[in-house]
Amino acid sequence: MDPFNKPSPYRLSSQVIGALTKVGALQGPTTERRLSKGVAELSRLFTVDRSRRPADYLERPEYAAAYLGYFLPVNLAKVQILLEELPTVTWQEDGQRPLSVLDLGIGPGTGALAFLDWAHRTGRTAGRPVHVVGVDRSQRALHDASRLWQTYVDENRLSAVQLRLVHADVEKRAGGPFAEKIERGKPFDLVILANCLNELFASAREALVQRMKLVVWAFSLLKPTGACMIVEPALRGVARQLHVLRDRLLQEQLCTVYSPCLHELTCPALIRPDDWCHEERPWEAPTAIQAIDREVGFIKDALKFSYLLLRTDGLTIAPRCAEVYRVVSELRKMKGEMRAWLCNETGRSEAGLLDRAASPSNAAFTAVQRGTIVRIDRLVRKEGQERGFGRIPPDGPVDIVRPL
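An account of the accompanying structure is given in this report.

Cut-offs and rules
- Residues numbered from 1 in each chain as written.
- Predicted model: local features only at pLDDT ≥ 70, side-chain atom pairs only at ≥ 80, totals over all residues.
- Heavy atoms only, no water.
- Buried < 20%, exposed > 50% of the residue type's maximum accessible area, 1.4 Å probe, protein only.
- Helix = DSSP H or I, 4+ residues; strand = E, 2+ residues; numbered from the N terminus.
- Pairing = 2+ DSSP bridges.
- Phe/Tyr/Trp six-rings, centres within 6.5 Å; stacked < 30°, edge-to-face > 60°.
- Lys NZ or Arg CZ within 6 Å of the ring centre and 35° of its normal.
- Salt bridge = Lys/Arg side-chain N within 4 Å of Asp/Glu carboxyl O.

Focus on the pairing of strand 8 (residues 279-284)
Move 1: Most of strand 8 sits out of view: five of its six residues are buried.
Move 2: When strand 1 (residues 10-11) meets strand 8, the two strands line up parallel, connected through two bridges. The residue of strand 8 that forms the bridge with Tyr10 is Trp283.
Move 3: As paired elements, strand 8 and strand 9 (residues 302-311) share four bridges and run antiparallel to each other. Note that in strand 9 the partner of Pro282 across the bridge is Ala302.

Let's talk about unusual backbone geometry
Move 1: Here the residue pair Lys186 and Pro187 is connected by a cis peptide bond, since its omega of 5° sits within 30 degrees of zero.
Move 2: Looking at the element boundaries, Pro187 is found in the loop between helix 6 (176-183) and strand 5 (188-194).
Move 3: Residues Ser259 and Pro260 are joined by a peptide bond in cis, for which omega reads 10°.
Move 4: Relative to the helices and strands, Pro260 resides in the loop between strand 7 (256-259) and strand 8.
Move 5: With phi around 60°, Ala160 is a residue other than glycine that occupies positive phi space.
Move 6: For Ala160, the location among the structural elements is in the loop between helix 5 (139-155) and strand 4 (161-167).
Move 7: Look at Phe201: it is not a glycine, yet its phi comes out positive at around 60°.

Focus: the packing of aromatic side chains
Move 1: According to the stated counting rule, one finds ten aromatic pairs in the structure shown.
Move 2: Both rings, one in Tyr70 and one in Phe71, keep their centres 5.0 Å apart while their planes meet at 80°; by these two values the pair is edge-to-face.
Move 3: Owing to a relative accessible area of 1%, Tyr70 belongs among the buried residues under this scheme.
Move 4: Between the aromatic rings of Trp91 and Phe115, the centroid separation amounts to 5.5 Å while the plane-to-plane angle is 35°, which identifies the pairing as tilted. Here Phe115 lies in helix 4 (residues 110-121) and Trp91 lies in the loop between helix 3 (61-85) and strand 2 (99-104), a separation of 24 residues in the sequence. Here Trp91 and Phe115 have matching classes, each one buried.
Move 5: Taken together through their ring pairs, the aromatic side chains of Phe46, Tyr57, Tyr67, Tyr70, Phe71 and Phe298 make up a single cluster.
Move 6: We note Arg311 situated over the ring of Tyr258; from NZ or CZ to the ring centre the distance is 5.9 Å.

A few points about the pattern of salt bridges
Oppositely charged side chains can form a pair if their charged atoms are brought close together.
Move 1: If you walk through the whole model with that rule in mind, you get 25 salt bridges.
Move 2: With its nearest N and O atoms 2.8 Å apart, the salt bridge here joins Glu264 to Arg320. Here Glu264, found in the loop between strand 7 and strand 8, pairs with Arg320, found in the loop between strand 9 and strand 10 (324-327); they are 56 residues apart in sequence, far enough to count as distant.
Move 3: Exposure remark for Glu264: the relative accessible area of 31% places this residue in the partly exposed category.
Move 4: Two residues, Arg370 and Glu330, come together in a salt bridge whose shortest N-O distance is 2.8 Å. One end of the pair, Arg370, is in the loop between strand 13 (347-354) and strand 14 (373-376); the other, Glu330, is in the loop between strand 10 and strand 11 (332-334), with 40 residues separating them in the sequence.
Move 5: According to the relative accessible area criterion, Arg370 is buried, its value standing at 10%.
Move 6: Assessed through its relative accessible area of 38%, Glu330 is described here as partly exposed.
Move 7: One salt-bridge network, in which partners are shared between bridges, spans Arg332, Glu337, Arg339, Glu350 and Arg391.

Printed below as a string of structure tokens:
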């Protein structure tokens, strides 16, 4: 087997594609060409011209259509990948209590639909009600979220599933009617903040403090075994802001990181100003998305994002120890060697495996990808160095703890 084969690409379910098609989000070439201009403009406002992005962009018809027909399917896939990563204890039954999710900054329904589809396909809706609360300041987006949710429910003949929408500005959540409306639905199994935290408090003098207060409030709405999912764009500046938020939350011992981090120490990606951490997962885009990519000139054969899965029960995705690492780069094939960057409680370091040192004991290293959790029992470093670059010896065991 070619060690550089990637995992199977993630695909949207036929049920999601069916619902999106039914509401007119995914159609034929005419629709794709019409959406392309809005997609290109929104992409620019999400990346290089972030300071010019209007706060009410989802109220504008051309942007709302572009988001629904392009960005929602892409971001929905990211949320579902992370739903797969959460431990099953997140959804453990508590009497007759329904599965309960809060989607803050729901937009046109990205997180809510991602959860409903995932819960339906994994059998979690069988015999158990599903309640989702979605909050957004865009009335148009909430209308789209309601329409898409109901279409999915009708097409799949679901019962005992409920979406309750709250029209409110998440930035103004402290006290008042908004907080009361949300808190009536607690405790939640999951709180989702998908591609919205970076847009909140953007003009505030202490944006970090305000975002932190919002996340801490989200913790207060969770059941003891619940989780908070934060998904952000794979942009260096945005990702580094998320790293700083992570550090502050951990310094104040308000939570632990279930994933992606394998430690609660200061993020080593913040040591150098050019470093940052993000995920990259292969995916197979629907044909309508592929057509827009061709029209606009995008190459989107992978889903890129930064994220945190936070918990207050101390549960972690893998054991914490100096020999267990998360791979935070691609596996690079060099002349006579393979290398990858690793991260854990010892910091960020690079590991290499010489072709001549390859053996059955360390063969697992040739299969790692960005995001793989791997155990490397021994790294040989230069004399006197406890950290930095290290090579895997022929007799150094390497085991995949958690593949993608």
